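Topology and contacts: notes
The lines below spell out each chain.
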Amino acid sequence: MEKMIAGKTITVNEEGYLTNFAQWDKEVGEALATEANIALSPRHWEVITYLQNEHKNDVALSIRRIGKSGLVDIKEFYVLFPNAPLKTATKIAGIPKPASCI
Amino acid sequence: MKRLIILGAGTAGTMMANHLQHELDLNEWEIQIIDERVEHHYQPGYLFLPFDIYQPEDIIKSIAEFIPKGVSLLIAKINKIDAPNNQVVLENGEQLHYDLLIIATGAKIAPEEVEGMKGSEWHKSVFDFYTFEGSLALRNKLREWQGGKLLVHITEMPIKCPVAPLEFSFLADSYFKHKKMRDKVEITYVTPLSGAFTKPKATEALEHLLHEKDIHIESDFAIAEVDNENKKIIDYGGRAISFDLLVTIPTNKGDELMARSGLGDDLNYVPTNKATLQSQQYPNIFVLGDASNIPASKAGSVAHFEAEILTENILRFMNGEPLKEEFDGHANCFIETGNGKALLIDFNYTHEPVEGAFPFPGIGPLRLLKESRINHMGKLAFRWIYWNMLLKGTHIPFVSATMQESGKKFD
Ligand SMILES: Cc1cc2nc3c(=O)[nH]c(=O)nc-3n(C[C@H](O)[C@H](O)[C@H](O)COP(=O)(O)OP(=O)(O)OC[C@H]3O[C@@H](n4cnc5c(N)ncnc54)[C@H](O)[C@@H]3O)c2cc1C
């Protein structure tokens, strides 16, 4: 479905994740963060950039892997993106929600 | 003479030994299978043991009983794989050369991954049921437990048989009802996922059942520690849930030997091509069952479908032909829902579990994603099928290795 945000039209799935990363830019990220009640600090941006790079390299994202990334530990990740950090952070980053395999 | 070695004589390794013994020219290929244990456990039985539905003798047989003539069984602990030199190194230092290697060393629990999990309350009020010891200790605990707060908890994904903790919750509900003490027990299902399951349609059906059975759900819970003193589990966000009895599924990992061999990912699973089952690093290594990192369920039924496809690919590899990219992630799992009923789900990499009839489209007799008694009979029959057909590599009539789309209600 289409959604208007930060003066642009983006395409998102039913859970609100961008389906086309090309539509993402920093303003869209900011606006999505505001929707999640998060004010982005430089530290948030470091994590978002890291997630986008990992995604580009086809690395399957998990909380465990982020905890071992050397960038943030899991505690800090939770402080930055409370409750469900991986889901919130990937949504703001404009990348798909990580599929936890079954 | 060339040598093919299978590592692990559990569900998947035993199936491969049986398939290959039929298919290979044993004058040309010597087949060897290695396991450190002498007992073969029917792991799905660990779910029933705590509730006194199965007894230990129902689920334990000897490994040797299922290894066919013509395949040599070696009981030894494997220390590592020296893949560049095509050698398996045993714990006693012995080195075995292979031309082709099949990894089927499975997955096991690693409670030490979470602070305090294997602490002073381990097997006192904190239990697993993914090992024989844990399951038996839990049975003894449940026999005398007077009630209180029961948490059924998943540490992190992926885990073997991802529906087992849900089944445990449903069976617990039934068990306490039978013991006329359901009103004394509060059951809560605690999961790192956002809901009862990973796929939307099945989540809906399963959450409905949880609700019906008065089982609470706490989702998005990423455990940081078990507080043994105050009997609480605490997540990274600081959320705490107290318990009288904690039944947890600890982190599941592949065997440590993968780390020693430089063959595993961060959970010791072996990076594997999800369609061909060939190792991503070495062409003469193949991986099936719980040991691989493919995004399919870690289940015996999956190993069964993989074994049919892998057998063909191994023959192709030996003949220098291109591998078939055929494995589609097909899984078929019964979900025990208590009170003599069960659900059945059938799915693959791309198709989530939906409603329908199985294995005959429109007819059944089994119903997909709906509770029924006949599904429960299917679950109980699975033990017989496991010992008498699956391990022997016998094709299950009407059930194909790749998932069938007809008979299913997709949107
Ligand atoms: C509680 C529970 C319920 C389940 N319910 C179901 C169900 O209903 N349906 C279903 O389809 N599946 C179910 N499963 C999953 C199923 O049991 C597994 O997916 C299946 O057994 C995987 O087979 P495998 O051969 O990969 O691993 P395993 O059967 O675990 O075999 C691995 C073997 O490798 C050996 N090994 C490992 N490392 C070494 C080493 N270093 N040296 C020597 N030997 C080694 C081990 O001793 C073992 O024998 C359940 C599992 C559990 C725990």
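All figures in this text were calculated on a predicted structure; none of them were measured in a lab. (Residues numbered from 1 in each chain as written. Chains lettered and ligands numbered in written order. Predicted model: local features only at pLDDT ≥ 70, side-chain atom pairs only at ≥ 80, totals over all residues. Heavy atoms only, no water.)

**Focus on the sheet that holds strand 15 (residues 223–227) of chain B**
Residues and elements named next belong to chain B. An order of 15-16-17 is seen for the 3 strands of this open sheet, with the pairing classed as antiparallel. With partners counted over all chains shown, the strands left at the sheet margins are strand 15 and strand 17 (240–242), one partner each. Within this sheet the neighbouring strands show an average axis-to-axis angle of 20°, counted without direction. When strand 16 (residues 232–235) meets strand 17, the two strands line up antiparallel, connected through 3 bridges. (Pairing = 2+ DSSP bridges. Helix = DSSP H or I, 4+ residues; strand = E, 2+ residues; numbered from the N terminus. Axes fitted to C-alpha atoms, helices over the stretch in contact; angles between N-to-C directions.)

**Focus on the site of the ligand**
Residues and elements named next belong to chain B. By nearness alone, 30 residues border the ligand, and Thr11, Ala12, Asp35, Asp290 and Gly300 come closest of all. Here Thr11 contributes a side-chain N or O atom positioned 2.7 Å from an oxygen atom of the ligand. Between the ligand and Gly300 there is a distance of 2.9 Å, counted from an oxygen atom to a backbone nitrogen or oxygen. Here the ligand loses 97% of its free accessible area of 1000 Å² to cover by the protein chains. Among the secondary structure elements, those contributing two or more residues to the shell around the ligand are helix 1 (11–23), helix 7 (300–318) and helix 8 (373–390). (Near = heavy atom within 4 Å. Polar contact = N/O pair within 3.5 Å; in protein donor to acceptor, adjacent residues only side chain to side chain. Areas by Shrake-Rupley, 256 points an atom, 1.4 Å probe, with all protein chains shown as cover.)

**Topic: the packing of aromatic side chains**
Residues and elements named next belong to chain B. Under the criterion given, the structure shown has 19 aromatic pairs over all chains. Plain terms: the ring middles of Trp145 and Phe176 are 5.8 Å apart, the flat faces sit at 55° to each other, and that makes the pair tilted. Taken together, the residues Trp145 in the loop between helix 3 (132–144) and strand 12 (148–154) and Phe176 in helix 4 (residues 164–178) connect sequence positions 31 residues apart. Given the relative accessible area of 0%, Phe176 is considered buried. An aromatic cluster of three or more residues is present, and its members are Phe51, Phe129, Tyr130, Trp145, Phe168, Tyr175 and Phe176. Seen from the ring of Tyr269, Lys298 lies directly overhead, with NZ or CZ sitting 4.0 Å from the centre. (Phe/Tyr/Trp six-rings, centres within 6.5 Å; stacked < 30°, edge-to-face > 60°. Buried < 20%, exposed > 50% of the residue type's maximum accessible area, 1.4 Å probe, protein only. Lys NZ or Arg CZ within 6 Å of the ring centre and 35° of its normal.)

**Some thoughts on the side chain of Glu156 of chain B**
Among the secondary structure elements, Glu156 of chain B is positioned in the loop between strand 12 and helix 4. Residue class for Glu156 of chain B comes out buried when judged on its relative accessible area of 18%. Polar contacts involving the side chain of Glu156 of chain B include one to the side chain of Arg64 of chain A, which spans 2.7 Å. Engagement of the side chain of Glu156 of chain B in a polar contact is seen with the side chain of Thr251 of chain B, the distance being 2.8 Å.

**Quick look at the side chain of Asn228 of chain B**
Residue and element names in this part refer to chain B. Following the sequence through the fold, Asn228 ends up in the loop between strand 15 and strand 16. The exposure class assigned to Asn228 is buried, which follows from its relative accessible area of 13%. For Asn228, the side chain forms a polar contact with the main-chain nitrogen of Glu121, separated by 3.1 Å. For Asn228, the contacting residues outside a window of four places in its chain are Gly116, Gly119, Ser120 and Glu121. (Contact = heavy atoms within 4.5 Å.)

**What to know about unusual backbone geometry**
Residues and elements named next belong to chain B. Cis rather than trans, the peptide bond between Met157 and Pro158 has omega equal to 0°. Among the secondary structure elements, Pro158 is positioned in the loop between strand 12 and helix 4. At the junction of Gly364 and Pro365, the peptide bond is cis and its omega measures out at 10° in the coordinates. At His123, a position not held by glycine, the phi torsion is positive, near 60°. Its place among the elements puts His123 in the loop between strand 10 (107–109) and strand 11 (126–127). Under the relative-accessibility criterion, His123 is labelled partly exposed at 28%. In this structure, Leu277 takes a positive phi of about 70° despite not being glycine. You can see Leu277 is positioned in the loop between helix 6 (257–261) and strand 20 (285–287).

**Looking at a nonpolar patch on the surface**
Taken together, the side chains of Phe360, Ile363 and Phe398 of chain B define a hydrophobic patch exposed on the protein surface, amounting to about 340 Å² of accessible area. The topology assignment puts Phe360 of chain B in strand 23 (residues 356–360). (Patch = residues over 30% accessible without salt bridge, like charges linked within 9 Å, V, L, I, M, F, W, Y side chains within 5 Å. Salt bridge = Lys/Arg side-chain N within 4 Å of Asp/Glu carboxyl O.)

**Here we look at the confidence of the model for chain A**
On average, residues of chain A carry a pLDDT of 90, and 97% of them reach 70 or more. Model confidence for chain A, summarised as mean pLDDT per element, is weakest for helix 3 (residues 63–67) of chain A at 85 and strongest for helix 1 (residues 26–35) of chain A at 96. (pLDDT = per-residue confidence, 0-100.)

**Notes on the environment of Ser297 of chain B**
The topology assignment puts Ser297 of chain B in the loop between strand 20 and helix 7. With 136 residues separating them in the primary sequence, Ser297 of chain B and Cys161 of chain B have C-alpha atoms 6.6 Å apart.

**Some remarks on the domain arrangement of chain B**
Residue and element names in this part refer to chain B. Taken as a whole, chain B is organised into domain 1 (2–106 + 255–318), domain 2 (110–252) and domain 3 (337–390). Here the C-alpha centre of domain 2 lies 30 Å away from the C-alpha centre of domain 1. The junction of domain 1 with domain 2 conceals about 1800 Å² of combined surface from both sides, 69% of it contributed by carbon and sulfur atoms. When residues of domain 1 are sorted by the area they lose upon contact with domain 2, Leu47, Pro50 and Phe51 head the list and together hold 35% of the total. At the surface where domain 1 touches domain 2, the tally comes to 1 salt bridge. Residues Arg143 and Asp52 are paired through a salt bridge, measuring 2.8 Å at the closest nitrogen-oxygen approach. Counting every contact that joins domain 1 to domain 2 gives 6 residue pairs in polar contact (both at pLDDT 80 or more). Each residue belonging to the side of domain 1 that touches domain 2 can be placed in one class, and the counts come to 12 nonpolar, 4 polar and 3 charged. (Domains from an automatic or database assignment. Buried area = accessible area lost by both parts, 1.4 Å probe. Nonpolar A, V, L, I, M, F, W, Y, C, P; charged D, E, K, R; others polar.)

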